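Examination of the molecular architecture
Chain by chain, the residues:
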Amino acid sequence: MEQSVTEAVTETNDYAEAAPASLRVDHRAPDRMVLQRGIFTGPSAKVSDELYAVVKGRAHRERLALRLEKGATAHTNTYFGRFSAAYWQRWTTVTEVRTTMVLDVDKKARVRIVASDIAGHRRIIETTEVTASGPVTLTAPLDQYVDGGAIWLEFDAIGGELGITELTWTSVAPDHVRPVAIAICTFNRAADCAETVAALASDATVLAAIDAVYVVDQGTDLVQDRPRFQQTLPILGDKLRYIRQPNLGGAGGFTRGLYEVSAVNEHADVILMDDDILCEPETVLRLNAFANMTVEPTLVGAQMLFLLNPDYLNVGAEEVHLHELKHGQKVPKALRNTSMLKRNQERRVDAGYNAWWTCLIPAEVVAKIGLPVPIFFQWDDVEYGIRARENGFVTVTLPNAAVWHADFYWKDYDDWARYFSTRNSLIVGSLHTDLDGKAITRQLFRSLAEHLVAMQYGLVHTTLQGIEDFLEGPKILRDGGIDALAAARTSRSDYAETIKHPAATPPVPSADIQLRRAGGEPSRITLVLIKRAINQWFGRTQHGLIGVTREDAHWWHVALFDHVVVTDASQSGVRVRRRDKARARQLLLRTLRVLRRLRKELPTLQEQYRAAMPELTSRANWERLYGIANSQRDN
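I will try to describe carefully the structure that is included in this document. Nothing here was measured: the structure is a model prediction, and the numbers come from that model.

Criteria and cut-off values
- Residues numbered from 1 in each chain as written.
- Predicted model: local features only at pLDDT ≥ 70, side-chain atom pairs only at ≥ 80, totals over all residues.
- Heavy atoms only, no water.
- Pairing = 2+ DSSP bridges.
- Helix = DSSP H or I, 4+ residues; strand = E, 2+ residues; numbered from the N terminus.
- Buried < 20%, exposed > 50% of the residue type's maximum accessible area, 1.4 Å probe, protein only.
- Axes fitted to C-alpha atoms, helices over the stretch in contact; angles between N-to-C directions.
- Parallel < 35°, antiparallel > 145°, perpendicular 65-115°, else oblique.
- Contact = heavy atoms within 4.5 Å.
- Core = buried A, V, L, I, M, F, W, Y, C linked by side-chain atoms within 4.5 Å.
- Disulfide = S-S within 2.5 Å.
- Salt bridge = Lys/Arg side-chain N within 4 Å of Asp/Glu carboxyl O.
- Lys, Arg positive; Asp, Glu negative; His and termini not counted.
- Polar contact = N/O pair within 3.5 Å; in protein donor to acceptor, adjacent residues only side chain to side chain.
- Patch = residues over 30% accessible without salt bridge, like charges linked within 9 Å, V, L, I, M, F, W, Y side chains within 5 Å.
- Areas by Shrake-Rupley, 256 points an atom, 1.4 Å probe, with all protein chains shown as cover.
- Left-handed = near helix turned anticlockwise from the far one by under 90°.
- Nonpolar A, V, L, I, M, F, W, Y, C, P; charged D, E, K, R; others polar.

Quick look at the sheet that holds strand β28 (residues 574-578)
The mixed open sheet is built from 4 strands, whose spatial order is β25-β26-β27-β28. Edge positions in the sheet fall to β25 (514-515) and β28, since each has one partner strand and no second. Judged from the 5 bridges that link them, strand β27 (residues 563-567) and β28 form a sheet pairing that is antiparallel. If you follow Val-565 over to β28, its bridge partner there is Val-576.

So, the pairing of β28
Counting buried positions along β28 yields 4 of 5 residues, so the element is predominantly enclosed. Counted between consecutive antiparallel strands, the loop separating β27 from β28 contains 6 residues, among which Gln-571 sits at a positive phi close to 60°.

Topic: the packing of helix α10 (residues 380-390) against helix α11 (residues 417-432)
One way to put it is that α10 packs onto α11 with a least axis distance of 10 Å and a crossing angle of 5°. One way to sum up the angle between α10 and α11 is to call them roughly parallel. Counted together, Glu-383, Ile-386, Arg-387 and Glu-390 of α10 and Val-428, Leu-431 and His-432 of α11 form the full contact between these two elements.

Some thoughts on the environment of Ala-85
Looking at where Ala-85 falls in the secondary structure, it is placed in helix α3 (residues 85-91). Note on Ala-85: relative accessible area 0%, which makes it buried. Considered as a pair, Ala-85 and Asp-26 are 59 residues apart in the sequence and their alpha carbons are 27 Å apart. Every residue in contact with Ala-85, bar those within four places of it in the chain, is listed here: Leu-142, Tyr-145, Gly-149, Ala-150 and Ile-151.

Side note on the sheet that holds strand β8 (residues 108-116)
One open sheet holds the 5 strands; their spatial order is β3-β6-β11-β8-β9, and the pairing between them is antiparallel. With partners counted over all chains shown, the strands left at the sheet margins are β3 (54-56) and β9 (122-130), one partner each. The average undirected angle you get between the axes of adjacent strands in this sheet is 15°. With 3 bridges connecting them, β3 and strand β6 (residues 73-75) associate as antiparallel partners. When the sheet's bridge partners are listed, Val-54 is paired in β6 with His-75.

With respect to unusual backbone geometry
The phi dihedral of Lys-333 falls on the positive side, at around 75°, and the residue is not glycine. Here Met-455, not a glycine, exhibits a phi torsion of approximately 65°, which is positive. For Met-455, the location among the structural elements is in the loop between α12 (437-453) and α13 (457-470). Taking the relative accessible area as the measure of exposure, Met-455 reaches 0% and is therefore buried.

Thoughts on the nonpolar core
In terms of nonpolar packing, the biggest core is built from 90 residues, with Trp-88 and Ile-151 touching the most fellow members. Apart from the residues within four sequence positions on either side, Ile-151 is in contact with Arg-82, Phe-83, Ala-85, Val-97, Ile-113, Val-114, Ala-115, Ala-140, Leu-142, Tyr-145 and Trp-169.

Notes on the state of the cysteines
Inspection of the entire model under this criterion finds 0 disulfides. For Cys-185, which is in no disulfide, the shortest distance to another cysteine sulfur is to Cys-193 and amounts to 8.8 Å. Classification of Cys-185 as buried rests on a relative accessible area of 8%.

Observations concerning the pattern of salt bridges
Summed over all chains, the structure comprises 37 salt bridges. A salt bridge links Arg-58 to Glu-69; its shortest N-O distance comes to 3.4 Å. Pair noted here: Arg-58 is in the loop between β3 and β4 (59-62) and Glu-69 is in the loop between β5 (65-68) and β6, with a separation of 11 residues, a long-range link. Relative accessible area serves as the criterion here: at 62%, Arg-58 is assigned to the exposed category. Residue Glu-69 is classed as partly exposed on the basis of its relative accessible area, which comes to 33%. Arg-112 serves as the salt-bridge partner of Asp-156, at 2.9 Å between the closest nitrogen and oxygen. Linking Asp-156 in strand β11 (residues 151-158) with Arg-112 in strand β8, this pair joins segments that are 44 residues apart in sequence. Residue Arg-112 is classed as buried on the basis of its relative accessible area, which comes to 13%.

Observations concerning the side chain of Asp-217
The topology assignment puts Asp-217 in strand β15 (residues 212-217). Buried and without a salt bridge, Asp-217 has Arg-244 as its closest oppositely charged side chain, separated by 5.8 Å. At a separation of 2.5 Å, a polar atom in the side chain of Asp-217 contacts the side chain of Tyr-242. Other than its neighbours up to four places away in sequence, Asp-217 contacts Thr-186, Leu-222, Val-223, Tyr-242, Ile-243, Arg-244 and Gln-245.

Concerning α10
Among the 11 residues that make up α10, 9 are buried, leaving the element largely enclosed by the rest of the structure. Those residues of α10 lying buried are Asp-380, Asp-381, Val-382, Glu-383, Tyr-384, Gly-385, Ile-386, Arg-387 and Ala-388. Looking one or two places after α10, you find Gly-392, whose phi comes out positive at around 95°.

Some points on the environment of Thr-505
Locating Thr-505 in the fold gives a position in the loop between α14 (482-490) and β25. Sequence separation between Thr-505 and Val-574 is 69 residues; the distance between their C-alpha atoms is 9.4 Å.

Describing a nonpolar patch on the surface
A cluster of nonpolar side chains, Leu-527, Ile-530, Ile-534, Trp-537 and Phe-538, forms an exposed patch at the surface whose accessible area comes to about 480 Å². Note that Ile-534 resides in helix α15 (residues 525-537).

Some thoughts on the packing of α12 against helix α17 (residues 581-616)
The N-to-C vectors of α12 and α17 enclose an angle of 165°; their axes lie 9 Å apart at closest approach. Taken together, the axes of α12 and α17 are roughly antiparallel relative to one another. The handedness of the crossing between α12 and α17 comes out as right-handed. Here α12 contributes Gly-437, Lys-438, Ile-440, Thr-441, Leu-444, Phe-445, Leu-448 and Leu-452 to the contact with α17, which in turn contributes Ala-584, Leu-587, Leu-588, Thr-591, Leu-592, Leu-595, Leu-598, Arg-599 and Leu-602. Classifying every residue of the contact of α12 with α17 by side-chain character gives 12 nonpolar, 3 polar and 2 charged.

This is the structure we're talking about:
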């Protein structure tokens, strides 16, 4: 009988009664803990099999099985195939790892467990030759990997076929295993979210390790209405909790998961997960295993691979430069924008925080530091990671555990999200460091001046809007960002260059567009900025309609012209920029006024935001935002 959504999905705030029973108690650990499994092909045809195993010769792959024909070889020195020995030795109680597999041997097979060091040099740990089918076990100590290195397996099919199944990497288990819940935040990405939930349900081993899946739906295109979601309901059964609430951004959606789970069991971990990822279920198993084996409670994050370029890693680990209001900064020596088919991350790099495309938050962190700040969108994950570290909880971005997420460089910088990025960077900086008002205003002025000469007037407005709302103090966060979102979006409509047009039908004559390529970056960049600003002010720019590709859309190039058609970063259309002296003057005066006020008021504002922090992150404040009745608080 088909299960109805009302039977299988809980839309309730009575969280204690609604929570699955398994989420409320710790679990007895098995004799050995599975740290990762041997996976031989990905969750989608878009993903290269060589991210999992490299084969020479003829072979047949399945998700958890590999069959080599006579003479073929294979190795798992790949992104998902390696065991990140450096990270396990540095952060966990694991001192030895055991690989166990079942081999179907036709004639003879050779199996090696192999390791690398920080420089990628290969060394053989153990070799065995097998002439009969059955289980095979190899072990490797974790004793020489502190700064870098990994472990993998190599297989040779000698004289006949070789089948490999049930491959696991295990260690001695801890005394108990914590319950864990997945919390997925979604807003009008119903199809994507339904696929992500279905991916979790598709792997029986992973699903067995998950005690609950919370889907926090903040949109109007409901996930529960999607056939794919309905098909998944019987598989998830009592583990699924579906919650609808007003759109409070990523901060509000992810916090709802932390809020609900921590109310049920103060020992339960939560894995926060984006709705629009391509989910690798094995990543959930690896994050959960790592978190259960760490010496101290640790935030454990997945890496991000690009969705449109699936073999490329976004970054090995990230940190934040608060004094410059910059997040997403590459940790020194980490890989960035790198094909994982060509390189492996040998060096251990330590993260400052991990973004919430997929990140495990231990129960102790929520108990000690409270809930996230209600800043709606952008910097919420950064702030939480910083606050956790200030309270003694480190973040580990675990290699060989990843999800695929939309490539960042396909998103245009000139977007309403710049409001939240600007405002929230100032809020987070104020909460966690003493910002230098002189340095910050100088930096912001430089950035805004570049946008002005590039004729991005809407971007200047959006950025100033973020600064102006920061100047209003903590009261701007009172509604969780609902009004701020509406204002950031609607006010941009006054700026024509923020509108994206189809490339085939721009609002200008296509025949008049003349393409102009950019040269290299100027060596004396500040002098060039001054020169471009003066020339624009006096109209000493090239007239006519100029076309500029996305890769050439640098401010120093675009500022040479007075009417430009620029390709949008999404490659789905174009935007038209036109010099407007009156508007530029208006925005310049506004910039000077706002930055003067910021420089003067910043010390006081920092005190105000810090004083408001306990109330902003409290359960009571989030209950108010969610509209949960006080009578339910102690359920």
